[in-house]
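# Breakdown of the fold
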Amino acid sequence: MKDLDQIRLKKIGERLQELRLQKNLTQKELAFILDIEISQITRIERGVINTSVLSLMRISDALGMSISEFLKEIN
């Protein structure tokens, strides 16, 4: 994986964690809402997996925002 891709994955993970904490949700609670394994949330937040666009859309929906809002600070 290219360095820029790795940086972007890390930023996506950091953004997810930031927004999740703003909503006072634990990883377990968010995983329950999304009906996915908690390990999936953990891997996304750590920036170790390249999650799908559909997953990001579901996550942003669960956080009450559009995907463009979710990604607005990721370059």
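Each chain carries its own residue numbering, running from 1 in the written order of its sequence. pLDDT decides what is reported in this predicted model: residues at 70 or higher carry local features, side-chain atom pairs at 80 or more are listed and counted, and totals for whole chains, interfaces and linings draw on all residues regardless. Just so you know, side-chain values use all the structure's heavy atoms and leave hydrogens and water out.

## Quick notes on the environment of Gly 64
In plain terms, the rule: Strands are runs of DSSP state E lasting at least two residues, helices are runs of H or I lasting at least four, and both sets are numbered from the N terminus onward. Think of it in three bands: residues with accessible area under 20% of the maximum for their type are buried, residues over 50% are exposed, and the middle band is partly exposed, with areas taken using a 1.4 Å probe on protein chains only.
Topologically, Gly 64 is positioned in the loop between α4 (53-62) and α5 (67-71). The class of Gly 64 is exposed, set by a relative accessible area of 61%. A sequence separation of 43 residues divides Gly 64 from Leu 21, and the C-alpha atoms of the two residues are 13 Å apart.

## Notes on unusual backbone geometry
Backbone geometry places Asn 24, a non-glycine residue, at a positive phi of 55 degrees. If you trace the backbone, Asn 24 turns up in the loop between α1 (3-22) and α2 (27-34). Asn 24 sits in the exposed class, given a relative accessible area of 66%. If you check the backbone angles, Asp 35 has positive phi at about 55 degrees while not being a glycine.

## A closer look at the pattern of salt bridges
Spelled out, the test is: By definition here, a salt bridge exists when the distance from a side-chain nitrogen of Lys or Arg to a carboxyl oxygen of Asp or Glu is within 4 Å.
Across all of its chains, the model carries 2 salt bridges by this definition. Across the pair Glu 18 and Arg 15 runs a salt bridge whose closest N-O atoms are separated by 3.8 Å. Taken together, the positions of Glu 18 and Arg 15, both in helix α1 and 3 residues apart, correspond to about one turn of that helix. Relative accessible area serves as the criterion here: at 8%, Arg 15 is assigned to the buried category. Among the ionic pairs, Arg 20 bridges to Glu 45, the shortest N-O distance being 2.6 Å. Of the two residues, Arg 20 sits in helix α1 while Glu 45 sits in helix α3 (residues 38-46), which places them 25 residues apart along the sequence.

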